[in-house]
Amino acid sequence: MGVIQVQEPGLFTTVQDLGREGFGPLGVSASGAADAISLRMGNRLVGNAEGAAGLEMTLLGGTFLFPDFGATLDGKPVELWTAFESRPGQALRLGPTCSGARCYLCVRGGIAVKLFLGSASTHILSGLGGHDGRALRKGDVLNIGAASVSSRERSLSARALKELQARKVLRVTPGPQSDWFPESARRLFYESRYRVAEESNRMGIRLEGAIVPVPSGGEMISEGVLLGAIQVPEGGKPIILFVEQQTTGGYPKIANVISADFHSLGQLRPRDEIRFERIDWETARALLRKQEELFASD
């Protein structure tokens, strides 16, 4: 088993896999990679199962030393979306983002940490999972799991990269309380541009922009909520529920980001501008099928 030593952790780097599904009734959100598409693709490139744990870096990457594994870098550029061999003692350094909010480091064999509820993902709010339930710090040492396949160089096709690029026009379906909002409020929501607020985090993406009028008597009994739900609290500023969202909520939900666009949420940075496009259920299902068919291809 090899190890990775953290020389510089970056701004906010955590161990993440595809999350822990099925524990919402117990009050535990799925957590997992903010951009699951990127993590899945990175694991495919290095020959792992798509759900293997990797490192998720936010806005500013870190520096990692591979004492027993290494990297053939030493100042030489490394292409994105590419698997590469490494040598002992080399350091992999990642700088600030040029586009998007997050990048993923996947290693053959995956990051080996103790599972919590069947997942390696770090749940920051509860301090559970991942590496001691927290973001990485300088000097941390991470184990690498046993590899099940031999290594070979792989890269992402131009077609796949184009199909999977993050979107700023997020496609949505109507939320369960969509009809609570008058037509004028729904029209305002779909015609407006919103800016991602600085206060956004893995629990919720807060938006600044047009104020959506809250329905008269908008209080409601709390109910289960899902990733991508767009709720409108008192004050009228929409919030997109994200990977560490609360599992119940008492605000009306005007729309829900479709599953095929979840990965785009993970690449939103503070001050990014977005807007919403309403589509029907069948189109949403077709887009997800198309995305999964792409993953199933070579």
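Chemist: Break down the overall build of the protein for me, citing the residues and quoting the values.
Modeler: The helix and strand inventory of the protein stands at five helices and 17 strands. Taken over C-alpha atoms, the radius of gyration comes to 20 Å for the protein, in line with the 19 Å a tight globule of 298 residues would show. Seen through its principal axes, the protein has C-alpha atoms that stretch 65 × 40 × 30 Å. Residues counted as buried form 49% of the 298 residues belonging to the protein. Across the protein, contacts joining residues at least 24 apart in sequence account for 75% of those joining residues at least 6 apart. Here the protein has roughly 14700 Å² of accessible surface; of this, 52% comes from carbon and sulfur atoms.

Chemist: Give me the lowdown on the domain arrangement of the protein, citing residues and values where you can.
Modeler: The figure often quoted for interface size is the accessible area lost as the parts come together. On domain assignment, one finds that the protein holds domain 1 (1–155) and domain 2 (169–296). Taken together, the contact pairs 30 residues of domain 1 with 17 residues of domain 2. On inspection of domain 1 and its partner domain 2, the count reaches two salt bridges. Across the pair Arg40 and Glu292 runs a salt bridge, and its minimum N-O distance is 2.9 Å. Where domain 1 touches domain 2, the interface holds 13 residue pairs in polar contact (both at pLDDT 80 or more). Here the side of domain 1 that touches domain 2 takes five residues from helix 1 (residues 36–46), the largest share from any one element.

Chemist: Lay out the sheet that holds strand 5 (residues 91–93) with the relevant residues and their values.
Modeler: Ordered in space as 5-4-1-8-7, the five strands form an open sheet in which the pairing is antiparallel. The outermost strands of the open sheet, each flanked by one partner alone, are strand 5 and strand 7 (111–112). With two bridges joining them, strand 7 and strand 8 (residues 141–144) adopt antiparallel strand pairing. Looking at the pairing, Ala112 lines up with Asn143 of strand 8.

Chemist: Before we move on, can you summarise the environment of Arg187 with the specific residues and values?
Modeler: Looking at the element boundaries, Arg187 is found in helix 3 (residues 183–191). Distance from Arg187 to Leu60, taken between C-alpha atoms, is 37 Å for residues 127 residues apart in sequence.

Chemist: So what's going on with helix 5 (residues 281–296)? Residues and values would help.
Modeler: Relative to the 22 Å expected for 16 residues at 1.5 Å per residue, helix 5 spans 23 Å between its end C-alpha atoms, a close match to the ideal helical length. When helix 5 is considered as a whole, its buried residues turn out to be Ala284, Gln291, Leu294 and Phe295. Buried residues in helix 5, looked at end-on, bunch into an arc of 105 degrees, giving them a common side. Every exposed residue of helix 5 that faces more than 90 degrees away from the buried side is listed here: Glu293 and Ala296. Of the surrounding elements, those touching the buried residues of helix 5 are helix 1, helix 2 (158–164), strand 9 (169–174) and helix 4 (262–265). The opening residue of helix 5, the one whose side-chain oxygen lies 3.3 Å from the backbone nitrogen of Glu282, is Asp280.

Chemist: Account for the state of the cysteines, naming residues and giving values.
Modeler: Summed over the entire model, instances satisfying the criterion amount to zero disulfides. Cys98 carries a free sulfur, and the closest cysteine sulfur to it, the one in Cys103, is 10 Å from it. Owing to a relative accessible area of 78%, Cys98 belongs among the exposed residues under this scheme. The cysteine Cys103 is free of any disulfide, with Cys106 supplying the nearest cysteine sulfur at 10.0 Å. Classification of Cys103 by relative accessible area gives partly exposed; the value is 27%.

Chemist: Describe the packing of helix 1 against helix 5, listing the residues and the values that go with them.
Modeler: Here helix 1 crosses helix 5 at 15 degrees, and the two axes come no closer than 11 Å. The angle between helix 1 and helix 5 falls in the class roughly parallel. Crossing geometry of helix 1 relative to helix 5 is assigned as right-handed. Residues Ile37, Arg40, Met41 and Arg44 of helix 1 form the contact with helix 5, whose participating residues are Gln291, Glu292, Phe295 and Ala296. Among the residues forming the contact of helix 1 with helix 5, the class breakdown is four nonpolar, one polar and three charged.

Parameters and conventions
Residues numbered from 1 in each chain as written. Predicted model: local features only at pLDDT ≥ 70, side-chain atom pairs only at ≥ 80, totals over all residues. Heavy atoms only, no water. Helix = DSSP H or I, 4+ residues; strand = E, 2+ residues; numbered from the N terminus. Rg over C-alpha atoms; globule rule 2.2 N^0.38 Å. Buried < 20%, exposed > 50% of the residue type's maximum accessible area, 1.4 Å probe, protein only. Contact = heavy atoms within 4.5 Å. Areas by Shrake-Rupley, 256 points an atom, 1.4 Å probe, with all protein chains shown as cover. Domains from an automatic or database assignment. Salt bridge = Lys/Arg side-chain N within 4 Å of Asp/Glu carboxyl O. Polar contact = N/O pair within 3.5 Å; in protein donor to acceptor, adjacent residues only side chain to side chain. Pairing = 2+ DSSP bridges. Expected span 1.5 Å × (residues − 1). Arc of directions from axis to C-beta. Disulfide = S-S within 2.5 Å. Axes fitted to C-alpha atoms, helices over the stretch in contact; angles between N-to-C directions. Parallel < 35°, antiparallel > 145°, perpendicular 65-115°, else oblique. Left-handed = near helix turned anticlockwise from the far one by under 90°. Nonpolar A, V, L, I, M, F, W, Y, C, P; charged D, E, K, R; others polar.

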